[in-house]
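# Analysis of the macromolecular model
Here is what each chain is made of, one letter per residue.
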Amino acid sequence: MVPGFRTAVPNLHDPLLTLYDVPAYHRFYYHRAHLWYFSAKALTAVMAKAGFMGEVVFSQDYNLVNHLHWAFRDRPQATADEGLGPARLPLRDGVAGELRRDLDALLADTDRRYKRILARHRAGENLAFIGRKA
């Protein structure tokens, strides 16, 4: 049996490039950390050329609050941890525990749904090729 193979790359059609009107993100997105950006079609072709067959799946690491921050403020959050961690509203320190928990749960559920919608529509920020040697 041939072991499976998985690789993930940035999606050329990142949702902050294609879904939202965020001019600053265009300058932010293309940087030295990523030498190549792929569409699903290009990743499939590269993997086929390398002798692999499989499928491309889409995923989203950054949360809904991160996307809303970009959309409304046209700039990144203060730290990447804010966007990669749990989606949270900027609540005041004095907000009661139960209300805070209920709002956190609402936003966590909304964030999961948002990420599933992006993946279903092939719009997540990451492409992953899952396959095996042909």
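All of the points below concern the structure found in this document.

For the rest of this paragraph, the subject is helix H4 (residues 64-73). Residues Leu64, Val65, Asn66, His67, His69 and Trp70 constitute the buried set of H4. Where H4 is buried, its residues contact helix H1 (15-18), helix H2 (23-29), helix H5 (80-84) and helix H6 (97-120). Regarding H4, its N-cap is Asn63, as a side-chain oxygen of that residue lies 3.1 Å from the backbone nitrogen of Val65 further along. Of the residues flanking the end of H4, it is Asp74, one or two places downstream, whose phi is positive at about 55 degrees.

What follows is about the side chain of His67. Tracing the backbone shows His67 in helix H4. With a relative accessible area of 1%, His67 lands in the buried category. For His67, the side chain forms a polar contact with the side chain of Tyr114, separated by 2.5 Å. For His67, the contacting residues outside a window of four places in its chain are Pro15, Leu16, Tyr20, Gln60, Tyr114 and Leu118.

Let's shift gears to the pattern of salt bridges. With the rule as written, the count across this model stands at 3 salt bridges. Notably, a salt bridge pairs Asp104 with Arg88, separated by 3.5 Å at the nearest N-O pair. Remark: Arg88 occurs in the loop between H5 and H6 and Asp104 occurs in helix H6; sequence separation between them is 16 residues. Relative accessible area serves as the criterion here: at 48%, Arg88 is assigned to the partly exposed category. Across the pair Asp109 and Arg112 runs a salt bridge whose closest N-O atoms are separated by 3.9 Å. Taken as a pair, Asp109 and Arg112 lie in helix H6 at a separation of 3 residues, close to a single helical turn. The class for Arg112 is partly exposed, based on a relative accessible area of 45%.

Next up on the list: the nonpolar core. Formed by Val9, Phe38, Ala40, Leu43, Met47, Val56, Phe58, Leu127 and Phe129, the largest nonpolar core amounts to 9 residues. Of all the secondary structure elements, the ones that give two or more residues to this core are helix H3 (40-49), strand E2 (52-59) and strand E3 (126-133). In terms of nonpolar packing, the next biggest core, distinct from the first, is built from 8 residues, Leu17, Ala24, Tyr25 and Tyr37 among them.

This part takes up H3. The complete set of buried residues in H3 reads Ala40, Leu43 and Met47. Around the axis of H3, the buried residues are gathered within 65 degrees of arc, so they sit on the same side. Facing away from the buried side of H3 by more than 90 degrees, the exposed set consists of Lys41 and Lys49. One or two residues past the end of H3 sits Gly51, with phi positive at roughly 90 degrees.

The subject of this paragraph is the side chain of His69. Checked against the element boundaries, His69 lands in helix H4. Given a relative accessible area of 16%, His69 falls into the buried group. At 3.0 Å, the side chain of His69 forms a polar contact with the backbone oxygen of Arg75. Excluding anything up to four places from it in sequence, His69 contacts Asp74, Arg75, Pro76 and Gln77.

Cut-offs and rules
Residues numbered from 1 in each chain as written. Predicted model: local features only at pLDDT ≥ 70, side-chain atom pairs only at ≥ 80, totals over all residues. Heavy atoms only, no water. Buried < 20%, exposed > 50% of the residue type's maximum accessible area, 1.4 Å probe, protein only. Helix = DSSP H or I, 4+ residues; strand = E, 2+ residues; numbered from the N terminus. Contact = heavy atoms within 4.5 Å. Polar contact = N/O pair within 3.5 Å; in protein donor to acceptor, adjacent residues only side chain to side chain. Salt bridge = Lys/Arg side-chain N within 4 Å of Asp/Glu carboxyl O. Core = buried A, V, L, I, M, F, W, Y, C linked by side-chain atoms within 4.5 Å. Arc of directions from axis to C-beta.

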